[in-house]
Amino acid sequence: MALRSAVVLGTVAVVCLAGVPAAAVPTYVRDEPALAVAAPATVYLEATYDGYLRNKGGRLISRDQVTVTRRCSGAVVNPDGYVVTNTVCVRPSKEVLLVNALYRHGRALVEKNELAAKELDAYVGRLGETSVFTGRRRGSAPIRRLLAQVAPATADITSAPAAPAAVTAVLSPVDGNAALVKLQRAGLPAIEVGPVADPVSKSSLLILGFGRDEATDGSVRYVVRHRAVDVVGRTGTNRFGVGGEVGPDSRGGPVVDKSGRLVAILDTDTSDPNQPVRDLITTATINRLLAKGKVEPRLGAVDQAFRAALADYFAGRYSRAVGAFDAVLRQDASHTAARVYRARAQERLERDGDAVENSADWLLYLLSAAGGVLIIAGTTQVRRRCVRPSASTSGNGRRAET
């Protein structure tokens, strides 16, 4: 009976103690490690084109200047300010710009009650065949400006924190639809470009891109949105696609694996009437673009230090993580993600302590419990051997009952 009780108590102790250290293990959502390194390297791009609508003979359709704005996302692949994105966003064709300008002009007429809203599409279609979008002088190009921001981004600003940018290399829409942009800003968090490999059908990826977020002060802001998706195989464009999207302004945004490595950037699925952003421009195309622009994808020293600090954080080594994030901030005081995770690590350290220390304590408790079981079991066996029952029997040959 004593042995059975010891075994039961020992088993209960082991099971209970094995479940207790869960508080020492970091708690975070499944995609947080990938999001932590990919989100800081996601940038907001805003391209504007100022010009005038004319008929093909050169006569102005309207004396009012028309501004076309195209918004998209991009991924920093080199801390010197190199970003990969979508060509159609930052270097659209003349035909795409003309259609955008006509719709902008047409909507202005609708607001003035000079055109019925139901006639807008027909109006654009009719003028599209006889119009051009030019600069101030006949035959000149519209004035183009490209600006970049990190999250949160404010729409339509032309000064800091928006940074000027320029397109340095492009692959045409039929040759990959990827563009390389150089920001006039260095020291940006960068993302690691993964190996060249086609996405595996039904594999899970994380997509990121900017989406509109109404600010409380009335301004229009854009923040990074993300979503876990599965690869669905080939789309109607014969490119790999994913089964979900995060909005039209996510074009050019990064698609990453569970480690946060870049495996693709987002593009529009032109085979779908709704044109969701869920086609993928894979690393094979991205590497062709980088080779064309003579840019090496790489992480900076701050990126590597930040990833090392994150590794400590997600492993529950909070005291080490706090020191590591401090080191990152000494190198780059503006590293917002490092500041956020430094605060989280400090909070977890004060609340839970280091997971490594806790695990060691609980291992000691488990060994102590196991040792107790063995001691009790051993004692019971010794008692059984030393204390034998009486050898006297009754007259009928059976052992006497006491």
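Residues numbered from 1 in each chain as written. Predicted model: local features only at pLDDT ≥ 70, side-chain atom pairs only at ≥ 80, totals over all residues. Heavy atoms only, no water.

Engineer: Sorry, what's going on with the overall build of the protein chain here?
Structural biologist: When helices and strands are counted, the protein chain shows ten helices and 14 strands. Within the span of the protein chain, comprising 402 residues, buried residues form 44% of the whole. For the protein chain, contacts bridging at least 24 residues in sequence account for 66% of all contacts bridging at least 6. A total accessible area of about 21,500 Å² is found for the protein chain, and carbon and sulfur atoms account for 53% of it. (Helix = DSSP H or I, 4+ residues; strand = E, 2+ residues; numbered from the N terminus. Buried < 20%, exposed > 50% of the residue type's maximum accessible area, 1.4 Å probe, protein only. Contact = heavy atoms within 4.5 Å. Areas by Shrake-Rupley, 256 points an atom, 1.4 Å probe, with all protein chains shown as cover.)

Engineer: Just to check I follow, could you spell out the nonpolar core for this structure?
Structural biologist: In summary, soluble globular proteins display a tendency toward joint burial of nonpolar side chains. Leu45, Val84, Val90, Phe133, Ile191 and Leu262 are the most contacted members of the largest nonpolar core, which totals 55 residues. Of all the elements, strand E2 (residues 66-78) adds the most residues to this core, at six residues. Not counting residues up to four positions away in its chain, the partners in contact with valine 90 are Leu45, Tyr49, Cys72, Thr85, Leu146, Val167, Ala179 and Val181. Listed in part, the 19 residues of the second largest apolar core include Ala309, Leu310, Tyr318 and Ala337. (Core = buried A, V, L, I, M, F, W, Y, C linked by side-chain atoms within 4.5 Å.)

Engineer: I tried to follow the layout of surface pockets on my own but got confused; where do I start?
Structural biologist: A water-sized probe, rolled over the atoms, reveals where empty space remains. By volume, the largest pocket amounts to about 900 Å³. As for the largest pocket, its lining consists of 30 residues, and the residues nearest its centre are Arg70, Val96, Asn100, Arg251 and Gln275. Secondary-structure elements contributing two or more residues to the lining of the largest pocket are E2, helix H4 (94-111) and strand E13 (262-268). No other element matches H4, which puts seven residues into the lining of the largest pocket. Taken together, the residues of the lining of the largest pocket sort by class into ten nonpolar, ten polar and ten charged. The computed volume of the second largest pocket comes to approximately 590 Å³. Around the second largest pocket, the lining is made up of 23 residues, and of these Ala39, Pro40, Ala151, Thr336 and Ala337 lie nearest the centre. Contributing elements (two or more residues each) for the lining of the second largest pocket: helix H2 (32-38), strand E10 (220-234) and helix H9 (336-352). (1 Å grid on protein atoms, 1.4 Å probe; cavity = no way out; pocket = protein on both sides within 12 Å on 5 of 7 lines; lining within 4 Å. Points joined across faces, edges and corners; volume = space filled by probe spheres on them. Nonpolar A, V, L, I, M, F, W, Y, C, P; charged D, E, K, R; others polar.)

Engineer: How do you make sense of empty space enclosed by the protein when you look at a structure like this?
Structural biologist: This structure, assessed with the given rule, holds one cavity of 30 Å³ or more. Taken as a whole, the largest cavity spans an internal volume of roughly 30 Å³. In terms of lining residues, the largest cavity is bounded by Val37, Pro40, Pro189, Ala190, Asp303, Phe306, Arg307 and His335. With three residues, helix H7 (residues 301-314) is the largest single contributor of residues to the lining of the largest cavity. Within the lining of the largest cavity, the residues separate by chemical class into five nonpolar, one polar and two charged.

Engineer: How should I be thinking about the packing of aromatic side chains in this particular structure?
Structural biologist: Both the distance between ring centres and the angle between the ring planes are used here to describe each pair of aromatic rings. This structure, assessed with the given rule, holds eight aromatic pairs. Following the ring pairs from residue to residue traces out a cluster consisting of Phe306, Tyr313, Phe314, Tyr318, Phe325 and Tyr341. The ring of phenylalanine 240 carries the charged tip of arginine 234 above its face, separated from the ring centre by 4.1 Å. Seen from the ring of tyrosine 341, arginine 344 lies directly overhead, with NZ or CZ sitting 4.7 Å from the centre. (Phe/Tyr/Trp six-rings, centres within 6.5 Å; stacked < 30°, edge-to-face > 60°. Lys NZ or Arg CZ within 6 Å of the ring centre and 35° of its normal.)

Engineer: How should I be thinking about the packing of H7 against H9 in this particular structure?
Structural biologist: Each pair of packed helices can be described by the angle between their axes along with the distance between the axes. For the pair H7 and H9, the least separation of the axes is 11 Å and the interaxial angle reads 25°. By the angle class used here, H7 and H9 are roughly parallel. When you trace H7 past H9, the crossing you get is left-handed. The segment H7 lies against H9, with Phe306, Leu310, Tyr313 and Phe314 engaging Ala337, Ala338, Tyr341, Arg344 and Ala345. Counted by class, the contact of H7 with H9 contains eight nonpolar, no polar and one charged residues. (Axes fitted to C-alpha atoms, helices over the stretch in contact; angles between N-to-C directions. Parallel < 35°, antiparallel > 145°, perpendicular 65-115°, else oblique. Left-handed = near helix turned anticlockwise from the far one by under 90°.)

Engineer: Explain the pairing of strand E7 (residues 163-170) to me, please; I cannot follow it from the model alone.
Structural biologist: Two faces make up the sheet, and in a regular strand the side chains alternate between them. As paired elements, strand E5 (residues 143-149) and E7 share two bridges and run antiparallel to each other. Directly across from alanine 148, in E7, lies its bridge partner alanine 163. By the bridge criterion, five bridges tie E7 to strand E8 (residues 178-183) in an arrangement that is antiparallel. Paired with valine 167 across the strands is valine 181, a residue of E8. (Pairing = 2+ DSSP bridges.)

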